[in-house]
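# Chain and residue survey
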Amino acid sequence: HRPLLLRSPPAALEVFAIAPAGPPRQFRLAGREHRIAHYEGPERIEGGWWRGRTVRRDYYRVQTEAGERYWLFRRLQDGQWFLPGEFA
């Protein structure tokens, strides 16, 4: 499943997780805290070396305690989190 609403570029996030490489538990978007009630993932997506720039990301589908559903990914090269889309 992929979200209908995509952001270009994806929004950078501050994410809190139990472990550095663990799933997200809470994130801040536009100054607002979002506590995650449920998540699915990770789904790892990697670009092939033959394409030049290597892309390695872990994607999660999350639902907040308020019922909002988002698509998040962690860039594996540096651990930075982004929000590329929202589910309707």
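Scope of this entry: the structure provided in the associated data block.

Here is what the cut-offs are and how they apply
- Residues numbered from 1 in each chain as written.
- Predicted model: local features only at pLDDT ≥ 70, side-chain atom pairs only at ≥ 80, totals over all residues.
- Heavy atoms only, no water.
- Helix = DSSP H or I, 4+ residues; strand = E, 2+ residues; numbered from the N terminus.
- Core = buried A, V, L, I, M, F, W, Y, C linked by side-chain atoms within 4.5 Å.
- Buried < 20%, exposed > 50% of the residue type's maximum accessible area, 1.4 Å probe, protein only.
- Salt bridge = Lys/Arg side-chain N within 4 Å of Asp/Glu carboxyl O.

### With respect to the environment of S8
- Mapped onto the secondary structure, S8 falls in strand 1 (residues 5-17).
- Spatially, the C-alpha atom of S8 lies 22 Å from that of Q26, the residues being 18 residues apart in sequence.

### Let's talk about the nonpolar core
- Residues A11, L13, V15, F27, L29, I36, Y60, V62, Y70, L72, W81 and L83 constitute the largest nonpolar core, which totals 12 residues.
- For this core, the secondary-structure elements that each account for two or more residues are strand 1, strand 2 (24-29), strand 4 (56-64), strand 5 (69-75) and strand 6 (81-86).
- Among the elements that take part in this core, strand 1 stands out by supplying three residues, more than any other.
- Counting residues in hydrophobic clusters, the runner-up holds five residues, among them Y59, W71, F73 and F87.

### Re the pattern of salt bridges
- In the structure shown here, the tally under the stated rule is 12 salt bridges.
- The closest approach of N and O atoms between E14 and R28, which form a salt bridge, is 2.7 Å. Of this pair, E14 sits in strand 1 while R28 sits in strand 2, and the two are 14 residues apart along the sequence.
- Exposure remark for E14: the relative accessible area of 39% places this residue in the partly exposed category.
- Residues R61 and E40 are paired through a salt bridge, measuring 2.8 Å at the closest nitrogen-oxygen approach. On the criterion of sequence distance, the pair formed by R61 in strand 4 and E40 in strand 3 (residues 32-46) is long-range, its members being 21 residues apart.
- Salt bridges sharing common partners tie together R2, E40, E43 and R61.

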